[in-house]
Amino acid sequence: MAWSIAEVVRMSGVTSRTLRHYDEIGLLPPAGIGSNGHRYYEEAGLLRLQRILLMRELGLGLREIRRVLDEHTDPVSALREHHRRLREERDRLDTLVRTVERTIAELEEGKDDDMAKINRPENLFEGLEHTAEEDSEVRERWPEAWEESRRARETMTEADQVAWQWEATAQMVRLAEFMVAGTPADAPAVQAETEAHYRGVCRFWTPNADAYRGLARTYVDDPRMRANFDRIAEGLAVYQHDAMVAYAEARLS
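This text gives an overview of the structure that appears in the document. What you see is a predicted model, and the numbers here were worked out from it, not measured in a lab.

Here is what the cut-offs are and how they apply
- Residues numbered from 1 in each chain as written.
- Predicted model: local features only at pLDDT ≥ 70, side-chain atom pairs only at ≥ 80, totals over all residues.
- Heavy atoms only, no water.
- Core = buried A, V, L, I, M, F, W, Y, C linked by side-chain atoms within 4.5 Å.
- Buried < 20%, exposed > 50% of the residue type's maximum accessible area, 1.4 Å probe, protein only.
- Helix = DSSP H or I, 4+ residues; strand = E, 2+ residues; numbered from the N terminus.
- Salt bridge = Lys/Arg side-chain N within 4 Å of Asp/Glu carboxyl O.

In terms of nonpolar packing, the biggest core is built from 34 residues, with Tyr212, Leu215, Leu236 and Tyr239 touching the most fellow members. Of all elements in the fold, only helix H8 (158-180), helix H9 (188-201), helix H10 (209-221), helix H11 (223-230) and helix H12 (236-252) reach the threshold of two or more residues within this core.

This next bit is on the pattern of salt bridges. Considering all chains together, one arrives at five salt bridges under this definition. The partner of Arg39 in a salt bridge is Asp23, with the nearest N and O atoms 2.8 Å apart. Placement of the pair is Arg39 in strand E3 (residues 39-41) and Asp23 in helix H2 (residues 16-24), with a sequence separation of 16 residues. Taking relative accessible area as the criterion, Arg39 reaches 17% and is therefore assigned buried. Overall, the relative accessible area of 19% leaves Asp23 in the buried class. Here Arg226 ties to Asp230 by a salt bridge, and the two come within 3.5 Å at their closest N and O atoms. Here Asp230 and Arg226 lie together in helix H11, a separation of four residues that amounts to about one turn. For Arg226, a relative accessible area of 33% corresponds to the partly exposed category. For Asp230, a relative accessible area of 24% translates into the label partly exposed. Within the structure, one salt-bridge network assembled from shared partners comprises Glu195, Arg199 and Arg251.

As structure tokens, then:
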């Protein structure tokens, strides 16, 4: 049995553009192309797509996924490895659930304090990930930049990664303080903080104005990214987006 690209899109939630891109780079060729020019996929293709999406969820780049698929001819062995990594991700999410529950409790206790909207205690950030450059839009629109970013992170030591995550957290809190104070997103102080954010991104890849605006969009469009910001202060994702757009227009255009 074969399924059209439209049916695969409906079943998997993957866009047709992404499926065409996977075909173009040889990652997921269709079983055949009909006389109408439409791609058709068989069961083997659907299983391969499942493995691709699992590895994407685990943060692997397309080149690494291609290598894993080429090396793992035994689907059971490959799925066991995916299962192991998913269990690790589940443990991280369990930690994040406890973090949010602790946040809710502290906010309820201090709900009369305006600044209580900002979760200051360091342990409130336990389980959060600050991998903005790994968002789906960067992977889809700038795959070479995403691969460059992934390679740069692979050279980081564990201490480097911890320091980077702490600084990312501190930066989000500083922006939240500006937001709560009512400081406009294009104010000089906020733009200075945004410049520090841009320099941090440039440690991994160097976005132009369009790419930086695209990265900003993911902070509000990607539910997981938005949740990371809004756990610190409600509305922070939109505020960060506005600050980045202003920076891109003033400094990168």
